[in-house]
Amino acid sequence: MKIEIAGQNSFIVYFAEQTSAAVSAQIQAAVANIIATMGDSIIDLVPSYASLLVIFDLDRSDHFAIRKQLRAALNNLDGVDSSAGELVTLPVYYSVEAGPDLEIIAERAGLSIEQVIEIHQQQEYRVYAIGFAPGFAYLGEVDERIAAPRLATPRQKVPRGAVAIADRQTAVYPAVSPGGWNLIGLCPTRMFDPDRTPSMPVAVGDRIRFEAISRDEFLAQGGEL
Amino acid sequence: MSGFLVQQPGLLSLLLDRGRYGAHNLGLTTGGPLDFVAFDWANRLLGNDANATCLEISFGGLALDAEIDCSFVITGAEAPCKLNGDAIPQWQTLDIQAGDRLEIGFATYGTRAYLAVKGGFDIAPSFGSTATVVREKIGGLHGDKLQAGDRLPCSGGTTTDKRRLAAGDRPHYGDFARLRVVPGYQQSAFDPTQQWRFYNSEYSLTERCDRMGFRLEGETVHSNMVGMLSEGICHGAIQIPADGQPIVLMNDRQTIGGYPKIGSVIPLDTSKLAQLTAGSKLRFEAISIEQAHNIHCLEQARFQRCSLQAC
């Protein structure tokens, strides 16, 4: 573990060179411990694949005190509950209609569309990071057989709820936006709703399962085509 | 609720407080004033709460009609300001009456002006802040920049305690800034030659600047990073993409990203950066974390002790 300066009022903690479920669990434990022991002086925490950005309040503390407290919080993760987060199931209407890139992924992998859908559902994913846009959760890791590089030309408009793959990551687009990921289906669950509490159904560290639903179920759950 | 009616919204006018903190876990960025210094003076000149909601007017072109009597202050970029067609000074408490028109023309020095009203604009916070972030459709009136016909609610009220910030205490906006940097993040991935180039070259501000990031042009700098995992980005971080041209990440930056960073500009100096126009020149200067803390504390003390002139 390595603590580096990020800015005048922030540190970045590097937990490992690469990401893994174990690293993610360790970061979650660190987040919990930092909130419990340093809460008042912390402004924001940004957990990601293998790092944690810690932003502190320069009017309440300083670089030296925070580094010391951070070291203590990070050295004492054993007793902290690092259980693998909540298990959240997200429904997906997988089809060529809802996922225009399914055919290409299947063709490239030498699989049928049904097999691609099956493989995407089999995996339990972990929320490694949230960013890019409000509610955009990076989930990993996608089975290598259906991993797909980003599109050479990103789409101008990816619909809200689009379930997508980029390399070994998958995600659900929380809002209409441009995007270069491969689209394989649509999820009727809102990934970010500012008017609802909580505004997101998932948090970093949670485990995600996708479950295929029919077109009718998708529409009944508020999905739009 | 009455307040001000927007006749002309200007190019980019945003309602904002000091920013949205504690919501990075949802992927929400900070937002808030690009120039914290001018923003803070605007509220202080009115005796407002330090986090009261103001209007940030980028470049200018704003016209508002008052529906109430109210004290106000305009700080930041130097721009022709008019009350019912008559020129009015900036950096000083003034009164406006119901039926009056307030205009802030296009900036002549600097780029961001701040309009504060007594008690602040009355905006419902979302995720703990009123800061408008257009990209996220969050904050302000409807998550968007001002539009003609918008009504900016405020309860108004005038103050007899009229104050002015002495000319010598005001910031000066020119076409050059020295940005102090706390080295950090992937700084060790930039070898000494690259660091030397970065800290000893003059950069120009390009046209490609927005509230997410300010792109610079000059000597290219390269790191020896090969592939990197996305990680949290703090305010002022200097990202060096593959083309070697630095980008200073500002208030509306994405919260995570995967480009190497050489360090972060201190907020006092991102405020200076925010007031520059395209073509302005910049230099970077590495400072220690101790120096950065000293600068912060001295600036706080100066802000608190600086006495305002009665007028």
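Structure's up top.
Residues numbered from 1 in each chain as written. Chains lettered and ligands numbered in written order. Predicted model: local features only at pLDDT ≥ 70, side-chain atom pairs only at ≥ 80, totals over all residues. Heavy atoms only, no water.

(A) Layout of the overall build of chain B. The helix and strand inventory of chain B stands at 4 helices and 22 strands. Taken over the C-alpha trace, chain B has a radius of gyration of 20 Å; the compact-globule value for 311 residues is 19 Å, and the two agree within 12%. For the C-alpha atoms alone, the extent of chain B along its principal axes is close to 60 × 40 × 30 Å. Here chain B holds 311 residues, and the buried ones make up 57% of them. Within the structure as shown, chain B displays about 12100 Å² of accessible surface, and the carbon and sulfur contribution to it stands at 49%. Computing the positive centroid from 28 side-chain charges and the negative centroid from 33, chain B places the two 2 Å apart. (Helix = DSSP H or I, 4+ residues; strand = E, 2+ residues; numbered from the N terminus. Rg over C-alpha atoms; globule rule 2.2 N^0.38 Å. Buried < 20%, exposed > 50% of the residue type's maximum accessible area, 1.4 Å probe, protein only. Areas by Shrake-Rupley, 256 points an atom, 1.4 Å probe, with all protein chains shown as cover. Lys, Arg positive; Asp, Glu negative; His and termini not counted. Charge placed at Lys NZ, Arg CZ, Asp CG, Glu CD.)

(B) Inspection of the interface of chain B and chain A at higher detail. Counting residues at the interface gives 37 residues for chain B and 38 residues for chain A. Here chain B meets chain A over a buried area of about 2800 Å², counting both sides, of which 63% is carbon and sulfur. Considering only the surface of chain B that becomes buried against chain A, Leu229, Ile256 and His293 of chain B emerge as the three largest contributors, covering 20% of it. There are 0 salt bridges connecting chain B and chain A. At the junction of chain B and chain A, the tally comes to 14 residue pairs in polar contact (both at pLDDT 80 or more). Breaking the side of chain B that touches chain A down by element, the ones donating at least two residues are strand 13 (176–183), strand 16 (231–232), strand 20 (261–265) and helix 4 (289–305) of chain B. In terms of residues, the side of chain B that touches chain A owes the most to one element, helix 4 of chain B, which gives 6 residues. (Contact = heavy atoms within 4.5 Å. Buried area = accessible area lost by both parts, 1.4 Å probe. Salt bridge = Lys/Arg side-chain N within 4 Å of Asp/Glu carboxyl O. Polar contact = N/O pair within 3.5 Å; in protein donor to acceptor, adjacent residues only side chain to side chain.)

(C) Just the nonpolar core, in detail. Ranked by internal contacts, the top residues of the largest apolar core, which has 42 residues, are Phe198, Ile238, Val248, Leu273, Leu282 and Phe284 of chain B. Examining the composition of this core, we find that 7 residues originate from one element, helix 1 (residues 36–46) of chain B, more than from any other. Apart from residues no more than four positions distant in its own chain, Phe284 of chain B is found in contact with Leu179, Val181, Phe198, Tyr199, Tyr203, Leu216, Ile238, Val248 and Val265 of chain B. Val92, Ile117, Ile184 and Met191 of chain A belong to the second largest nonpolar core, which has 34 residues in total. (Core = buried A, V, L, I, M, F, W, Y, C linked by side-chain atoms within 4.5 Å.)

(D) Quick look at the environment of Phe284 of chain B. Residues and elements named next belong to chain B. For Phe284, the location among the structural elements is in strand 21 (residues 281–286). Taking the relative accessible area as the measure of exposure, Phe284 reaches 2% and is therefore buried. With 106 residues separating them along the chain, Phe284 and Arg178 place their C-alpha atoms 5.8 Å apart.

(E) Structural view of the layout of surface pockets. The computed volume of the second largest pocket comes to approximately 1100 Å³. Together, 41 residues line the second largest pocket, and Asp59 of chain A together with Arg18, Phe36, Asp40 and His296 of chain B are the ones closest to its centre. Broken down by element, the residue count for the lining of the second largest pocket peaks at 7 residues, all from helix 4 of chain B. Residues that form the lining of the second largest pocket fall into these classes: 16 nonpolar, 16 polar and 9 charged. (1 Å grid on protein atoms, 1.4 Å probe; cavity = no way out; pocket = protein on both sides within 12 Å on 5 of 7 lines; lining within 4 Å. Points joined across faces, edges and corners; volume = space filled by probe spheres on them. Nonpolar A, V, L, I, M, F, W, Y, C, P; charged D, E, K, R; others polar.)

(F) Molecular detail of the pairing of strand 13 of chain B. Residues and elements named next belong to chain B. Most of strand 13 is tucked away, with 6 of its 8 residues classed as buried. Examined bridge by bridge, strand 13 and strand 21 share 6 bridges and lie parallel to one another. For Phe176, the partnering residue across the bridge sits in strand 21 and is Lys281. The pairing of strand 13 with strand 20 spans 3 bridges and is antiparallel. Paired with Val182 across the bridge in strand 20 is Ser264. (Pairing = 2+ DSSP bridges.)

(G) Just the side chain of Ser199 of chain A, in detail. The topology assignment puts Ser199 of chain A in the loop between strand 12 (182–186) and strand 13 (207–212). Under the relative-accessibility criterion, Ser199 of chain A is labelled buried at 8%. If sequence neighbours within four positions are ignored, Ser199 of chain A has contacts with Met191, Phe192, Asp193 and Pro194 of chain A together with Leu26 and Phe127 of chain B.

(H) A look at the sheet that holds strand 3 (residues 42–47) of chain A. Residue and element names in this part refer to chain A. Judged by pairing direction, the sheet is antiparallel, and its 4 strands sit side by side in the order 1-2-4-3 without closing on themselves. In this open sheet, the two edge strands, each paired with only one partner strand, are strand 1 (2–7) and strand 3. In this sheet, neighbouring strand axes are inclined to one another by 20 degrees on average, regardless of whether the strands run parallel or antiparallel. Set on the sheet, helix 1 (residues 21–38) makes contact with strand 3 and strand 4 (51–56); between it and strand 3 the angle comes to about 175 degrees. (Axes fitted to C-alpha atoms, helices over the stretch in contact; angles between N-to-C directions.)

(I) Representation of the pattern of salt bridges. Counted under the stated rule, the structure contains 21 salt bridges over all chains. Between Glu124 of chain A and Arg209 of chain A there is a salt bridge whose closest N-O contact spans 3.9 Å. Here Glu124 of chain A is found in the loop between helix 4 (113–122) and strand 6 (125–130), whereas its partner Arg209 of chain A is found in strand 13, with 85 residues between them in sequence. You can call Glu124 of chain A partly exposed: its relative accessible area is 34%. One salt bridge in this structure joins Arg211 of chain B and Asp252 of chain B, with 3.1 Å as the shortest N-O distance.

(J) Spatial organisation of the side chain of Ser41 of chain A. Its place among the elements puts Ser41 of chain A in the loop between helix 1 and strand 3. If we ignore the near neighbours within four places in the chain, the residues touching Ser41 of chain A are Ile55, Phe56, Asp57, Ser61, Ile66 and Gln69 of chain A.

Scope: geometric values only; no functional claims are made or implied.
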